[in-house]
Amino acid sequence: MPLVAGVDSSTQSCKVVVRDAETGALVRQGRAPHPDGTEVDPSAWWSALQAAIEAAGGLADVAAVSVAGQQHGMVCLDEAGQVIRPALLWNDTRSADAAAELVAEAGGGRFWADAVGSVPVASFTVTKLRWLARHEPANADRVAAVCLPHDWLTWRLAGAPGLDALRTDRSDASGTGYWSPATGEYRFDLLEQAFGRRLRVPTVLGPAEAAGHLDLTALPGAGAVPGASGGALLGPGAGDNAAAGFGVGARPGDVVVSIGTSGTVFSVADTPAADPSGIVAGFADVTGRFLPLVCTLNAARVLDAAAAMLGVDLDKLADLALSAPAGADGLVLVPYLEGERTPNLPLATGAVHGLTLGTSTPAHLARAAVEGMLCALADGLDALAAHGAVVRRVILVGGGARSAAVRRIAAQVFGCPVVVPPPGEYVADGAARQAAWLALGGAEPPSWTPAGTEEHPAEPVPAIRERYAQARERHLDRLPQS
């Protein structure tokens, strides 16, 4: 019974699961928090990873480990492998102007969609590199290599053996803006255009290709034997969304809607996407296929904000939302609370429409918050369908899916069956499943099926989407467009 470990180094925390490689049965787990902010010193991730591993009972007995992490973050290293400045995270929008410049320099979104499958926005690593070159030239001069959060953590688990040992995977490389899912190659010309010169980048590995071996001496206090090497294989890793899809076993016809700090809507495809509008990002998945994806910046944080405004916890927010009628009697929340990526409006703010004496109740506001968040995600579902995705059902995951109101109302907003796996760490589980694939050595990954799945039949309430669309358009007419 070989054991494997999966890591989810997310925006908010680090989670580690240890599972049976053959069955997927959970053996033990641990977690540790990350600091808040849109830029973070990577050493905080490393400290959290060590703490989470220790809480999970160490890694001395595992056969393989894989790390999934938040996408797009920019980790810059000097020639000695030292971090130069705090990493800019996916939710840092300071590079919005740089993104617009890069798109304009290429003559529009079509060039970028054809080149790398996605049109750059402030989230992407390539835009952050342009920002660094323009705004911090002294730091930029020191950069020898650039990598992503999960790349850096995998490298540290291997004992930080030198810049040439940096490794990544297709799913995370496809979110940089300088690697093409269609060709499987880096676009160094685009990297140079953004930064001004070529940098070292991680080698992109195949789905079940090892990134090296775990060095247990790098993990004091986490089951290490001084002077010994763990020998466990290190998986190629994954971006968080690709790992989540892999963790829930998404198949053709499934669309995964993940409600975390950000919201994502994605499906598994056999051909790469190339949307010149930039709404659909043409990412890769962890199996060798593709992962067309739509992302929103505002997801579970909308629920947090509504709960804070009403002075209640999230369970009470759900109870309030379910006590109000579908459509909240016309009260609509446009949930662009901290800028937005889809549509690409980094300076956007949120708005409430339809406020009357009758809708000025906690229950109506709670319902409008849940519906508004889901409607923004449903816009992403429509965008995927417009680019050929088949939508037979939605698999709802992420912290926001723990809300009873979200689970119930989703089938009304999406208008198709909604499947909710039991609460779990599906990003970490996807990483663990990848590690199991590596450890077991099969041509195909092991089949793990989550038990206790909750199903909700389609209950479309078209008025919810119609009112939201009207409110959104009125709001967008009043917003700055950049």
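Residues numbered from 1 in each chain as written. Predicted model: local features only at pLDDT ≥ 70, side-chain atom pairs only at ≥ 80, totals over all residues. Heavy atoms only, no water.

### Remarks on the overall build of the protein
For the record, the criterion: In DSSP terms, a helix is any run of H or I states spanning at least four residues, a strand is any run of E spanning at least two, and both are numbered starting from the N terminus. For the radius of gyration, the atoms used are the C-alpha atoms, and the globule rule reads 2.2 Å times the number of residues raised to 0.38. Classification of residues uses two cut-offs on accessible area relative to the type maximum, computed with a 1.4 Å probe and protein chains only: under 20% is buried, over 50% is exposed, and between them is partly exposed. Pairs of residues are marked as contacts when any of their non-hydrogen atoms sit within 4.5 Å.
Looking only at helices and strands, the protein features 15 helices and 24 strands. Taken against the 2.2 N^0.38 rule, which gives 23 Å for 482 residues, the C-alpha radius of gyration of the protein at 22 Å falls within 12% of a compact globule. Taking the principal axes of its C-alpha atoms as reference, the protein extends roughly 70 × 50 × 40 Å. Burial status across the protein gives 58% buried among its 482 residues. At a minimum sequence separation of 6, the contacts of the protein that also span at least 24 residues come to 73%.

### Digging into the side chain of H72
Just so we agree on the cut-off: N or O atoms closer than or at 3.5 Å make up a polar contact, with two conditions inside protein: a donor-capable atom paired with an acceptor-capable one, and, for residues adjacent in sequence, both atoms drawn from side chains.
You can see H72 is positioned in the loop between β5 (62-69) and β6 (75-77). At 2.7 Å, the side chain of H72 forms a polar contact with the backbone oxygen of G175. If sequence neighbours within four positions are ignored, H72 has contacts with W90, S123, F124, T125, K128, L148, D172, G175, F283 and R341.

### Considering the packing of helix α10 (residues 300-310) against helix α12 (residues 362-386)
Quick note on the threshold: Between N-to-C directions, angles cover 0 to 180 degrees, with each direction set by a line fitted to C-alpha atoms, over the stretch in contact for helices. Any angle from 65 to 115 degrees is called roughly perpendicular, while one under 35 is roughly parallel, one over 145 is roughly antiparallel, and all others are oblique. All amino acids are sorted into three groups, where Ala, Val, Leu, Ile, Met, Phe, Trp, Tyr, Cys and Pro are nonpolar, Asp, Glu, Lys and Arg are charged, and the leftover types, Gly among them, are polar.
Put simply, α10 and α12 touch, their axes get as near as 9 Å, and they point 170 degrees apart. Here α10 lies roughly antiparallel to α12, going by the angle between them. Contacts between α10 and α12 involve A300, V302, L303, A306, M309 and L310 from the former and P362, L365, A366, A369, V370 and M373 from the latter. Class assignment for the residues of the contact of α10 with α12 results in 12 nonpolar, no polar and no charged.

### Quick notes on the sheet that holds strand β18 (residues 281-284)
Keep this limit in mind: Two strands pair if DSSP finds at least two bridges between them.
Taken together, the 7 strands give an open sheet; going across it, the order is β18-β19-β17-β16-β22-β23-β24, and neighbouring strands pair in mixed fashion. Among the strands making up the open sheet, the edge pair consists of β18 and β24 (454-456). On average, adjacent strands in this sheet sit at an angle of 25 degrees to one another, irrespective of strand direction. Across 4 bridges, strand β17 (residues 263-267) lies against strand β19 (residues 290-296) in antiparallel orientation. Residue pairing for β19: V265 is matched across the bridge by V294.

### Remarks on the packing of aromatic side chains
Which entries qualify depends on this criterion: Each Phe, Tyr or Trp ring (for Trp, its six-membered ring) is paired with any other whose centre lies within 6.5 Å, and the angle between the two planes then decides the class: stacked below 30 degrees, edge-to-face above 60, tilted in between. In this scheme, the term charge over a ring applies when either NZ of a lysine or CZ of an arginine sits within 6 Å of the ring centre and within 35 degrees of the ring normal.
Under the definition given, this model contains 5 aromatic pairs. Plain terms: the ring middles of F111 and W112 are 5.9 Å apart, the flat faces sit at 90 degrees to each other, and that makes the pair edge-to-face. Judged by centre distance (5.5 Å) and plane angle (40 degrees), the rings of Y186 and F188 are tilted. Of the residues examined, Y186 reaches a relative accessible area of 18% and is grouped as buried. Overall, the relative accessible area of 24% leaves F188 in the partly exposed class. Pairwise contacts between aromatic rings join Y178, Y186 and F188 into one cluster. One residue, R94, lies across the ring of W131, its end atom 4.9 Å from the ring centre. We note R433 situated over the ring of F246; from NZ or CZ to the ring centre the distance is 4.2 Å.

### Points about the UniProt feature "binding site: substrate" (unreviewed entry) in the protein
Applicable threshold: UniProt positions are given in the numbering used here, feature names are shortened, and annotations may be inferred rather than shown by experiment.
In the numbering adopted here, UniProt assigns the feature "binding site: substrate" (unreviewed entry) to Q71 and H72. As for its position among the elements, Q71 is in the loop between β5 and β6. The contacts of Q71, once residues within four sequence positions are left out, are W90, S171, D172, G175, G239, D240, N241 and F283.

### Quick look at the nonpolar core
Selection rule: For the purposes of this section, nonpolar cores are sets of buried Ala, Val, Leu, Ile, Met, Phe, Trp, Tyr and Cys residues that join through side-chain atoms within 4.5 Å.
In terms of nonpolar packing, the biggest core is built from 57 residues, with I259, L374, L396 and F414 touching the most fellow members. Excluding residues within four positions of it along the chain, L396 makes contact with V257, I259, A401, V406, R407, A410, F414, V418, V419, V420 and P421.

### Describing the confidence of the model for the protein
The test is simple: Think of pLDDT as the predictor's per-residue confidence, scored from 0 to 100.
When pLDDT is averaged across the protein, the result is 93; 97% of the residues are at 70 or more. Under a pLDDT of 50 for its full length, residues 222-229 has, in the predicted model, 16 contacts with residues more than four places off or in other chains.

### Things to note about the environment of A96
Structurally, A96 can be placed in helix α2 (residues 96-105). Sequence-wise, A96 and L345 are 249 residues apart; in three dimensions their C-alpha atoms are separated by 9.1 Å. Beyond its immediate sequence surroundings of up to four residues, A96 is in contact with A122 and P346.

### What about the domain arrangement of the protein?
One frequently used descriptor of interface size is the decrease in accessible area upon assembly of the parts. Just so we agree on the cut-off: Throughout the structure description, domain borders are defined by an automatic or database domain assignment. Throughout, the accessible surface (probe 1.4 Å) given up by two parts as they are put together, summed over both, is called the buried area. A pair is scored as a salt bridge if a Lys or Arg side-chain nitrogen falls within 4 Å of a carboxyl oxygen belonging to Asp or Glu.
What the domain assignment reports for the protein is domain 1 (3-236) and domain 2 (248-420 + 452-481). Taking the mean C-alpha position of each, domain 1 and domain 2 sit 27 Å from one another. For the pair domain 1 and domain 2, the two sides together bury roughly 1900 Å², of which 59% comes from carbon and sulfur. On the domain 1 side of the contact with domain 2, W90, V121 and R170 bury the most area, a combined 25% of that side's loss. In this assembly, domain 1 and domain 2 are joined by 1 salt bridge. Two residues, R170 and D285, come together in a salt bridge whose shortest N-O distance is 3.8 Å. The interface formed by domain 1 and domain 2 holds 6 residue pairs in polar contact (both at pLDDT 80 or more) in total. If you list the elements that add at least two residues to the side of domain 1 that touches domain 2, you get α3 (109-116) and α7 (170-173). Ranked by residues supplied to the side of domain 1 that touches domain 2, first place goes to α3 with 5 residues.

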